[in-house]
Structure formats: structure tokens, C-alpha cells
Amino acid sequence: MSIAATPTPTAAAPVLRLTGPVLLGPEQELPGAWVVDGRIRHERPDLPRGAEIIELDGFVVPGLADLHCHVGIGDDGAGTTLEVARQQALTDRDTGVLLIRDAGSIIDTSPLQQQRDLPRLIRCGRHLARTRRYLRGYADELEPADLPAAVAREAARGDGWVKLVGDWIDREVGDLTPCWSAEDFADAARAAHDAGARITTHTFDEATLPLALDAGFDCLEHATGLTDETIARAAQTSTPVVTTLVNVGEFEAYAAQGETKFPAYAAHMRRLREGRYDRTRDAHDAGVPLLVGTDAGGVLGHGIVHDELDELARAGLTGTEILQAAAWAPRRFLGVAGLEDGAPADLLLVPRDPRSDHRALRDRTQVVLDGRVVVGS
Ligand SMILES: [Zn+2]
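Residues numbered from 1 in each chain as written. Predicted model: local features only at pLDDT ≥ 70, side-chain atom pairs only at ≥ 80, totals over all residues.

Glancing now at the overall build of the chain. The number of helices and strands found in the chain is 11 helices and 23 strands. Taking 21 Å as the expected radius of gyration for a compact globule of 377 residues, we find that the chain reaches 21 Å, a close match to that expectation. If one aligns the C-alpha atoms of the chain with their principal axes, the spans along those axes are about 70 × 40 × 35 Å. (Helix = DSSP H or I, 4+ residues; strand = E, 2+ residues; numbered from the N terminus. Rg over C-alpha atoms; globule rule 2.2 N^0.38 Å.)

Structure representation (C-alpha cells):
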């Protein structure tokens, strides 16, 4: 980085000159770009006389997205204060995550949306779960008769997303089972869509996926139970799967905890864990859009996006495919601009081409949020 002109007392925020390749998409790049007044400019703009210009070198990629992140849930599984939620979001930001879709929070995090130094936050509101069929205290727990009204309520509270916990261990059966009937899933999807929102579901079990797909769910979280059949269906409808492979790696711990009382559940969780890389690769190969999610908050700490990207590499995705899942595809899916001319400048500078090796993202040199360098110098 070098300063080409000294600031004058009247100068506006520094102008950034990005001198490296700007990766607009998997096959689109520009030789450089500018950031003026917080916005990306593809062409050299007219600059005010005496404007401070900061040159930043390196490959330019859009800020990473985390589609499954719990800002506002603490390590103890309880709701945090707003200040702790802010620290969680800052931890994610500093790793290069500049766009978060929260996948359910215990507290109302909407005040954080006014804080310009935090990642852009798209809230899901509170998780909805069947009575006693989820982690205690996380969700609004309810019965099918109350589901459509609860979906409509959360749609009104959130930013266009509702999350339903689709399956969990059924202690009477001793295994994972769907928490809701086909009709309940359909009613929930209809209530969300009628309210102008999209709906996603937490799902581990094979049996839940056909129900969610039949109902027209817009997204699938974890989706460890994908089979050849449900992969083909999700591909056909382009229904994205939010991979949370770091979390799925933890299934061994859940299996061990449940071993004595619920041996079938333990065996099931181990099978799902063992198949995680093959299933992810199969889904990708079939054309199912994969989106990165960390499931940070609660059991897993924040700031782990690069571990999730390493997991996608283990599943066989290339650098370009990982960048697609981590940045380009989720931004399009959420309707948030990437590096287009005029877009808010939320981007990372990385020292090597991340299309050939995703680990370049971990070595980022600067994080720029809203046109300001927030990490690096
Ligand atoms: Zn989660």
C-alpha cells in the first residue's frame, strides 16, 4: 500500500485504487478498479483535487458470505447481550465475512444493522421447532396447529427469511425423524410465501428432504441426508444446500453422547458424518447450488469460515468452486451486490489467485467494508 497524495483537511474519505485483478465472477475479471464514496467504480472516476488515494494490491474478491451463522447465541447456548453479538459479528468480519444470513437468533439483533462497521446482516428471526424437539432454549417450540401463524409472525420480524427445524432426535423412536407431516411443511412454506418471505429448514434426516422439497422450501440447511433421489430433485429446482461441514464433523460427539440410550441414532449420525464429503461432491456434481455456512454461535465459535472452506476442498471442490459457494452464489441468492460497478465496496484483497488455491483467502491482506479498510493497512 502506498499513499500517493497527502490528505487535505477538507478531503473526503480516502479513495482506494485497486491495482490487482478484480474477480467479478467465475469467468469475469477486470484489471483493476476504484473505490470512491464507499462504492466500487470500474472506470477511473473524476477525483476531487487533493483527494487522498490509497493503493491496494492483490486479487480483489467480494466479501465472503456465511449463510448459516447465529449472531446472538452464546457458547452456553443462551441468548447473548447485544454487545457480545456485536463482538461475534466483528470476529466474523475480521475473517472476511461481510454478509451474514443469520439462521436463527435468540435475541433481536436488528440494532446491529445500523452499525456500519459490521457485516451486512440478514435476519431469520427466531427458529421454529416442534415442542421438545430441538436444543433447549434456542427456538420457539410449538405444535402443528400454531405453525402457520408462527411462520407469518417470524416472516414479519425477520428480513425475508424463516427457519424451521425440520427434524431432530425423537426419543420415543430412538432415531432422527421428521418433526412435521408433509402437510405441516406445505402449510409452513405457504405461510412464508404468502408473507413474502422465503423459508429454509434445518435437516439431518433422509426422510425430511422429500417433504421439504415437495412443500417448495427455498433452501436446505446441513442436508446431511441427501440421497441420489433428493440430490436430483434439489438440482432440478436449483434449491441450494447450505453446507455446514465443520458442524457435521462434530456428529461423532453427538453420536457418542447418545450411544447408550439411543444406539440407532448414534449409528445414524455416524453414517451421515462418514458420507459428508461424498454427498457434498455428488450434490455439487449434480448441479445443486452449494452455499457456505459455518453454524457459528452456540456449540461452534465464530470466525471459522476458512475451516469450512477447507472442508469444501476436502470434498473435492476447486478454488473457483469454493469462491462460488462462499461469495458469488450467496450474494446472488440473497440479492446483495458483489463487485458490480456502483456496488457498495465490500471486498477482500488476497495475495494470490484464490481460483487456483482457496487458501489464499485465509491469507487476505485487507478487508474493505463499505469502502473503508477495516482490517490490514
Ligand atoms: Zn444452526
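Turning our eyes to something else, we now look at unusual backbone geometry. One non-glycine residue, arginine 132, adopts positive backbone phi at about 55 degrees. Of note, aspartate 370 is a non-glycine position whose phi angle comes to about 55 degrees, a positive value. With respect to the element layout, aspartate 370 can be found in the loop between β22 (366–369) and β23 (372–375).

Moving on to the nonpolar core. Counting 110 residues, the largest nonpolar core has Val60 and Val151 as the members making the most contacts within it. Per-element accounting of this core gives the leading share, seven residues, to helix α11 (residues 319–334). Formed jointly, this core draws a minimum of three residues from each of two domains, domain 1 (2–62 + 338–375) and domain 2 (64–334). Not counting chain neighbours up to four residues away, the residues in contact with valine 60 comprise Leu18, Gly20, Pro21, Val22, Leu23, Ala33, Leu339, Leu347 and Leu349. (Core = buried A, V, L, I, M, F, W, Y, C linked by C-beta atoms within 7 Å. Buried ≥ 20, exposed ≤ 12 C-beta atoms within 10 Å, placed from the backbone. Domains from an automatic or database assignment. Contact = placed C-beta atoms within 7 Å.)

Bridging between strand β2 (residues 15–18) and strand β7 (residues 53–56) involves four bridges; their strand directions are parallel. In the strand pairing of β7, valine 15 is matched with isoleucine 53. Bridge analysis of β2 against strand β5 (residues 33–36) gives three bridges, and the strand direction is antiparallel. Directly across from leucine 18, in β5, lies its bridge partner alanine 33. (Pairing = 2+ DSSP bridges.)

Glancing now at the domain arrangement of the chain. Many structure descriptions define interface size as the accessible area lost when the parts assemble. Here the chain is partitioned into domain 1 (2–62 + 338–375) and domain 2 (64–334). One C-alpha centre belongs to domain 1, the other to domain 2; they are set 32 Å apart. Elements with a contribution of two residues or more to the side of domain 1 that touches domain 2: β8 (59–62), β22 and β23. Counted by class, the side of domain 1 that touches domain 2 contains 10 nonpolar, four polar and six charged residues. (Nonpolar A, V, L, I, M, F, W, Y, C, P; charged D, E, K, R; others polar.)

Here the focus is helix α1 (residues 82–94). Given a rise of 1.5 Å per residue, 13 residues ought to cover 18 Å, and the 18 Å separating the end C-alpha atoms of α1 matches this to within 8%. Those residues of α1 hidden inside the fold are in contact with β9 (64–69), β10 (97–102), β11 (120–122), β22 and β23. Directly after α1, the chain includes glycine 96, whose backbone phi takes a positive value near 105 degrees. (Expected span 1.5 Å × (residues − 1).)

Reading across from one edge, β9-β10-β11 is the order of the three strands in this open sheet, with parallel pairing throughout. The sheet is open, and its two borders are formed by β9 and β11, each paired with just one other strand. Each strand of the sheet is rotated relative to its neighbour by a mean of 20 degrees, with strand direction disregarded. Two strands pair when backbone bridges link them, and β9 and β10 are joined in this way by four bridges, in the parallel orientation. The partner of alanine 65 across the bridge, within β10, is leucine 99. Across the sheet, α1 touches β9, β10 and β11, and the angle it forms with β10 is around 130 degrees. (Axes fitted to C-alpha atoms, helices over the stretch in contact; angles between N-to-C directions.)

Attention now goes to the packing of helix α4 (residues 208–215) against helix α5 (residues 228–237). Contact geometry for α4 and α5: axes closest at 10 Å, N-to-C directions at 20 degrees. The pairing of α4 with α5 is recorded here as roughly parallel in orientation. Regarding α4 and α5, the two cross each other, and that crossing is left-handed. Within the contact between the two elements, α4 uses Leu209, Pro210 and Leu213 and α5 uses Thr230, Arg233, Ala234 and Thr237. Of the residues contributing to the contact of α4 with α5, the split by class is four nonpolar, two polar and one charged. (Parallel < 35°, antiparallel > 145°, perpendicular 65-115°, else oblique. Left-handed = near helix turned anticlockwise from the far one by under 90°.)

Another point: the pairing of β22. Along β22, one buried face is formed by Gln366 and Val368 and the opposite face, lined by Val367 and Leu369, is buried too. Here strand β21 (residues 347–350) runs beside β22; their pairing, made up of three bridges, is antiparallel. Across the sheet, the residue bridging to leucine 349 is glutamine 366, located in β22. As paired strands, β22 and β23 are joined by three bridges and run antiparallel to one another. Its bridge partner being in β23, leucine 369 is matched across the sheet by arginine 372. Count of turn residues in the β22/β23 antiparallel hairpin: two residues, of which aspartate 370 carries a positive phi of about 55 degrees.

This paragraph deals with α4. Looking at α4, one finds that the buried residues are Thr208, Leu209, Leu211, Ala212 and Ala215. Angularly, the buried residues of α4 cover 160 degrees about the axis, an arc narrow enough to put them on a single face. Within two residues after α4, glycine 216 carries a phi angle of roughly 85 degrees, on the positive side. (Arc of directions from axis to C-beta.)

Position of arginine 120 relative to the elements: it lies in strand β11. With 21 C-beta atoms counted inside 10 Å, the residue arginine 120 sits in the buried group. In the structure, arginine 120 is positioned 226 residues away from aspartate 346 in sequence and 9.4 Å away in space, judged by C-alpha atoms. Dropping the residues within four chain positions of it, arginine 120 is found in contact with Leu98, Leu99 and Val336.

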